[in-house]
Amino acid sequence: MKSISYSDAGVSIDAANIAKEKIKQLARTTFNARTLSEIGSFGGMFDGAFPNLKQPVLVASADGVGTKLKVAFLTNTHNTIGRDLVNHCVNDILVQGARPLFFLDYIATGVLAPDVVASIVEGITNGCRENNCVLLGGETAEMPGFYAEGEYDVAGFIVGVVDREQVIDGRRIAPNDTVLALPSVGLHTNGYSLARKLFFDVAGDQADTHIAALDKTIGAALLEPHKSYLPALERLLDANLIKGLAHITGGGLTENIPRILPEGTSVTIARDTWPVLPIFKLMQEIGHIADAEMFRTFNMGVGMIIIAAPPDAEAIKSHLQERGETVYEIGRVTQGNREVVVG
């Protein structure tokens, strides 16, 4: 009988080694003086001393990019998904006032293609460098028969730190506080199952179909990056001006803002106070989608919500505008039962 090897079962150790070597080279571009281990160790090590913080609190989160990956497969674009992943995770811990320390990734595929894996990690390292975050480690899994040919999944895990007295948790939010909004770039990483149904099934478009209203192809519009709000907000984190931050991801404005509201409060939003991106208007027209469904599925052009007392909101707006950031005043906190009313 012929001797059977692991490769006969569809797993290539040689391909994995090639991919790991490429990952090592990319990950090193994110290392800093606090990085104490190399990629390839069983665990990543990071210096845990925080002499400039009185009571350091670690903040951790994990996420993926969902079916946005399907658009990456259709367009054969793999070097941007990783950056989306990092920025999503950075924003998730940013809402509690944390700055990122390190990131880990998980990439799983049916047949490991080293160049594709390297492209994914290229995006991850780009995101890490832009957010001053170390790519400390990760896992690449080859799982024959588990994923369709040419497809993969990717997830990210982030750890950041904030001084306990600087934690942003929404507890100070009160009626009459101002609601500010930072604009999104596109869908970011949410609502893609519905978006793909609308464009590809209902409208019958292809990824390379050019849409005049968007001035780009469907594929390019759906691959617009998930923006990191750390550069815009970092200098405000220690100023004690921000009462609450909400990252507008799955669930849209109506589901995410209540996550930071204390009992007895609600939020009223005036929908004409910021420009809704053309892609959302187009999708609503294609699917004849009700307003309520749009606002609980998509970010509708808002990527991050800031809640502050009125005088502090003015200071925040001035700071952001001086840095060239666009910011909109879109609503008020009211008395209520942790609901969001868009009118």
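Residues numbered from 1 in each chain as written. Predicted model: local features only at pLDDT ≥ 70, side-chain atom pairs only at ≥ 80, totals over all residues. Heavy atoms only, no water.

A look at unusual backbone geometry
So, step 1. The backbone phi angle of His288 is positive, close to 50 degrees, even though this residue is not glycine.
So, step 2. With respect to the helices, strands and loops of the structure, His288 is situated in the loop between helix H9 (278-287) and helix H10 (291-297).
So, step 3. According to the relative accessible area criterion, His288 is exposed, its value standing at 72%.
So, step 4. Located in the positive-phi region is Met300, a residue other than glycine, with phi close to 60 degrees.
So, step 5. Summarising the element assignment, Met300 is placed in the loop between H10 and strand S10 (302-308).
So, step 6. A residue is classified by how much of its surface remains accessible, and Met300, at 1% relative accessible area, is buried. (Helix = DSSP H or I, 4+ residues; strand = E, 2+ residues; numbered from the N terminus. Buried < 20%, exposed > 50% of the residue type's maximum accessible area, 1.4 Å probe, protein only.)

As for the pairing of strand S4 (residues 152-163)
So, step 1. Most of S4 sits out of view: ten of its twelve residues are buried.
So, step 2. In terms of strand pairing, strand S1 (residues 56-64) meets S4 through nine bridges, oriented antiparallel. Counted as the bridge partner of Val57 is Val162 from S4. (Pairing = 2+ DSSP bridges.)

Some remarks on the sheet that holds strand S8 (residues 244-247)
So, step 1. Strand order in the open sheet formed by six strands is S8-S10-S5-S11-S9-S12, with mixed pairing between adjacent strands. Since the sheet does not close on itself, it has two edges, and those belong to S8 and strand S12 (340-342), each with one partner. Here the average twist between neighbouring strands, direction ignored, is 25 degrees.
So, step 2. Across six bridges, the pairing between strand S5 (residues 178-183) and S10 is antiparallel. Looking at S10, one finds that Leu180 is bridged to Ile306.
So, step 3. Running over the sheet, helix H3 (residues 81-94) touches S8 and S10 and is turned about 155 degrees from S8. (Axes fitted to C-alpha atoms, helices over the stretch in contact; angles between N-to-C directions. Contact = heavy atoms within 4.5 Å.)

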